[in-house]
Amino acid sequence: MTAAPTPGRPSTPLMPAALPRPFHVMAKPSGATCNLDCDYCFFLSKEALYPGSGFRMDEAVQERFIEQLLSAHSGAPEVVVAWQGGEPTMMGLDFFRRAVELQQRHRRPGQRILNALQTNGTLLTDEWGVFLRDNDFLVGISIDGPPAMHDTYRVDKGGKPTSHRVLQGLDVLKRHGVEWNVLTTVHHANGDHGGEVYRYLRDDLGARFIQFIPIVERATPEGSVVTHRSVSPEQYGRFMIDVFEDWVRHDVAEVYVQQFDTALSSWYGADGGMCVHAETCGQQLALEHNGDLYSCDHYVQPDHLLGNINDRPTLELVDLPQQRKFGQDKRDTLTQFCKDCDVRFACNGGCPKDRFATSPDGEPGQHYLCPSYLAFFRHVRKPMEAMIELIQHNRAPAELMEVYAREDAARGRNEPCTCGSGVKWKRCHGSARSTTRRP
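Residues numbered from 1 in each chain as written. Predicted model: local features only at pLDDT ≥ 70, side-chain atom pairs only at ≥ 80, totals over all residues. Heavy atoms only, no water.

Q: Sorry, what's going on with the overall build of the protein here?
A: The secondary structure content of the protein amounts to 16 helices and twelve strands. Relative to the 2.2 N^0.38 estimate, which gives 22 Å for 439 residues, the radius of gyration of the protein is 22 Å and therefore close to what a compact globule would have. Along the first, second and third principal axes, the C-alpha atoms of the protein reach 65 × 55 × 45 Å. Contacts spanning at least 24 positions in sequence make up 69% of the contacts within the protein whose residues lie at least 6 apart. Put simply, the protein has 48 plus and 56 minus side-chain charges, and the middle of one group is 3 Å from the middle of the other. (Helix = DSSP H or I, 4+ residues; strand = E, 2+ residues; numbered from the N terminus. Rg over C-alpha atoms; globule rule 2.2 N^0.38 Å. Contact = heavy atoms within 4.5 Å. Lys, Arg positive; Asp, Glu negative; His and termini not counted. Charge placed at Lys NZ, Arg CZ, Asp CG, Glu CD.)

Now the structure itself:
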């Protein structure tokens, strides 16, 4: 049996139900607790699910999580153990030292373990730096752009800016040779500054792996109105196009932007690395500090609680009928507008949590960022097709930068910019700030 084909993408066979599905668990050892108070953080409110809790994963839950995760992926050559929050470094170094010991105790022969830690960076010290380097942790650090943009919403419990403390934490990672990447949220404050944000991350910070996540906050749980902090339906697309126009000229194969890698995979006919643009979901789960396992990081709520790993093995919970349905619903509940869309194979309707808009045909369940996704994927279609053609001829996708360079050299300064902004080339991506990359 095959899944229904999507426009522009070949059919792919479904995995037989008898085989265990690979899955990813985001463990939250400190629950929703955090030393910061970012205005847009959707997870801080999850503290209300566990009144009176100390929000610390105990040793028994820690070991069950690690043992069950490694056992469920016994045939996998590599297993990612992901630590998130809240702020996971609030657990302290001893917690993570024990985690590494448990991993070595329970790992299968030949199994490589990669620890991934997402942090705001403010609690990192040299002791942390040495530990993270010596144990090959991959660290994601949250930075929303230049300090003025970052500090708009990323503040501490006293409402004070945090950028200077975050950059001190990044310096710890650099000083000790820890592998790191950047997670940047796109919101109202930085959404009109895609190029500036990208160049800051690339040139000022030296980031080579970047992930952008749009902030979409509903003002009420069931409504279609969003908060003032949210990126607008068109703004996110302009942001990503602005970044792409810089990246495709200077940074192909040098800087890895997750959205662009995922798009290229989609044009190639393969699965990308972002669940929001996968055809189905359900393999990215969230584990709370007490062992409760939820369908997804964005669905940590009672009606999506699968069970507790102290009572049932993780693998059984992942394979429950309701979790399979949760994942398949991402595809099966698309609006007709999505089903007929020419870039459905790359977009797949976005994350279901944000499907609270109405389609142009008046059908409910359209993604709030649909205008952005349409604009972005249609904009990158030709360069993505060009890179795929290069790959098919055993040539490097980075050769596309030479094509852009030749075309730009012949472009008139007063011609409209290729990004579609309507601004003249000389004042947009043809300006000195966009054509010069600092080492």
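Q: Mind showing me how you'd approach the sheet that holds strand β9 (residues 292-294) here?
A: Adjacent strands of a sheet pair through backbone hydrogen bonds, lying either parallel or antiparallel. With mixed pairing, the ten strands of this open sheet are ordered in space as β7-β6-β5-β4-β3-β2-β1-β8-β9-β10. At either end of the open sheet lies a strand with only one pairing partner, and these are β7 (256-257) and β10 (305-308). (Pairing = 2+ DSSP bridges.)

Q: For this particular structure, what's the right way to read the environment of V186?
A: Tracing the sequence through the fold places V186 in strand β5 (residues 179-186). When the C-alpha positions of V186 and M57 are compared, they lie 31 Å apart, and in sequence the two are 129 residues distant. Among residues more than four places away in sequence, those in contact with V186 are G191, F212, I213, P214, I215, V231, Y236 and F239.

Q: Would you take a moment to explain the confidence of the model for the protein for this structure?
A: When the pLDDT values of the protein are averaged, the result is 93; 93% of them are 70 or greater. The model gives residues 1-19 a pLDDT under 50, and that stretch makes 33 contacts with residues more than four places away or in other chains. (pLDDT = per-residue confidence, 0-100.)

Q: Explanation requested: helix α1 (residues 59-72) in the structure shown.
A: In an α-helix, one turn spans 3.6 residues; hence positions three or four apart end up facing the same way. Helix length check: α1 (14 residues) gives 20 Å between terminal C-alpha atoms against 20 Å at 1.5 Å per residue, within 8%. You can read the cap of α1 off the contacts: a side-chain oxygen lies 3.1 Å from the backbone nitrogen of A60, and it is on D58. (Expected span 1.5 Å × (residues − 1). Polar contact = N/O pair within 3.5 Å; in protein donor to acceptor, adjacent residues only side chain to side chain.)

Q: What am I meant to see in unusual backbone geometry here?
A: Glycine aside, the phi torsion of most residues is negative, and most peptide linkages are trans. In this structure, the amide linkage connecting G85 to the following residue, G86, adopts the cis form with an omega of 15 degrees. You can see G86 is positioned in the loop between β2 (78-83) and α2 (93-106). One non-glycine residue, F55, adopts positive backbone phi at about 55 degrees. Position of F55 among the secondary structure elements: in the loop between β1 (24-27) and α1. Its relative accessible area of 9% is what places F55 among the buried residues. Positive phi, normally seen in glycine, also occurs at N348, with a value near 55 degrees. Tracing the sequence through the fold places N348 in the loop between α12 (344-347) and β11 (357-358). (Buried < 20%, exposed > 50% of the residue type's maximum accessible area, 1.4 Å probe, protein only.)

Q: Quick question: what am I supposed to make of the state of the cysteines here?
A: Any covalent bond linking the sulfur atoms of two cysteines counts as a disulfide. The final tally for this structure, using the stated rule, is zero disulfides. Left unpaired, C341 is separated from the closest cysteine sulfur, that of C338, by 6.6 Å. Classification of C341 by relative accessible area gives buried; the value is 12%. With no disulfide of its own, C347 has C338 as its nearest cysteine by sulfur position, at a separation of 6.1 Å. (Disulfide = S-S within 2.5 Å.)

Q: Could you clarify how one ought to interpret empty space enclosed by the protein in this entry?
A: If you walk through the whole model with that rule in mind, you get four cavities of 30 Å³ or more. Empty space within the largest cavity amounts to approximately 90 Å³. Every element with two or more residues in the lining of the largest cavity is listed here: α11 (336-339), α12 and α13 (370-379). Tallying contributions element by element places α13 first for the lining of the largest cavity, with three residues. (1 Å grid on protein atoms, 1.4 Å probe; cavity = no way out; pocket = protein on both sides within 12 Å on 5 of 7 lines; lining within 4 Å. Points joined across faces, edges and corners; volume = space filled by probe spheres on them.)

Q: Explain the packing of aromatic side chains to me, please; I cannot follow it from the model alone.
A: Aromatic ring pairs are described here by two measures, namely the spacing of the ring centres and the angle between the planes. Counting across every chain of the model gives 22 aromatic pairs. Taking the centre distance of 5.4 Å and the plane angle of 50 degrees together, the rings of F131 and F137 count as tilted. Across this residue pair, the class does not change: F131 and F137 are buried. In this arrangement the basic side chain of R411 is found over the ring face of W425, its NZ or CZ atom lying 4.9 Å from the centre. (Phe/Tyr/Trp six-rings, centres within 6.5 Å; stacked < 30°, edge-to-face > 60°. Lys NZ or Arg CZ within 6 Å of the ring centre and 35° of its normal.)

Q: Can you help me understand the nonpolar core in this one?
A: Across soluble globular proteins, you tend to see nonpolar side chains buried next to one another. Membership of the largest hydrophobic core comes to 97 residues, with the highest contact counts inside it found for F65, W83, L132, L201, F212 and W247. Looking at this core, the element that brings in the most residues is helix α7 (residues 235-250), giving eight residues. If you look at the next biggest cluster of nonpolar residues, it comprises five residues, including Y50, F55, A286 and Y294. (Core = buried A, V, L, I, M, F, W, Y, C linked by side-chain atoms within 4.5 Å.)

Q: Would you explain the side chain of Q235 in this entry?
A: Within the element layout of this structure, Q235 appears in helix α7. With relative accessibility at 8%, the residue Q235 sits in the buried group. A distance of 3.0 Å separates the side chain of Q235 from the side chain of D192, its partner in a polar contact. Once residues lying within four places of it in the same chain are set aside, the contact partners of Q235 are H187, H188, G191, D192, S230 and S372.

Q: Would you take a moment to explain the pairing of strand β6 (residues 209-214) for this structure?
A: Consecutive residues of a regular strand have side chains that alternate between opposite faces of the sheet. Alternating positions in β6 separate cleanly, I210, F212 and P214 being buried on one face and F209, Q211 and I213 remaining unburied on the opposite face. Of the crossover connections in this fold, the one passing from β5 over helix α6 (residues 194-204) to the parallel β6 is right-handed. The sheet contact formed by β6 and β7 spans two bridges and is parallel. Pairing of F209 across the sheet is with Y256, part of β7. (Right-handed = clockwise from strand over helix to strand, strands pointing away.)

Q: What's the story with the environment of H379 in this structure? I'm lost.
A: Relative to the elements of secondary structure, H379 occurs in helix α13. Taking the relative accessible area as the measure of exposure, H379 reaches 22% and is therefore partly exposed. Taking the C-alpha atoms as reference points, H379 and G237, 142 residues apart in sequence, are found 9.6 Å from one another. Once residues lying within four places of it in the same chain are set aside, the contact partners of H379 are I241, F244, E245, T418 and C419.

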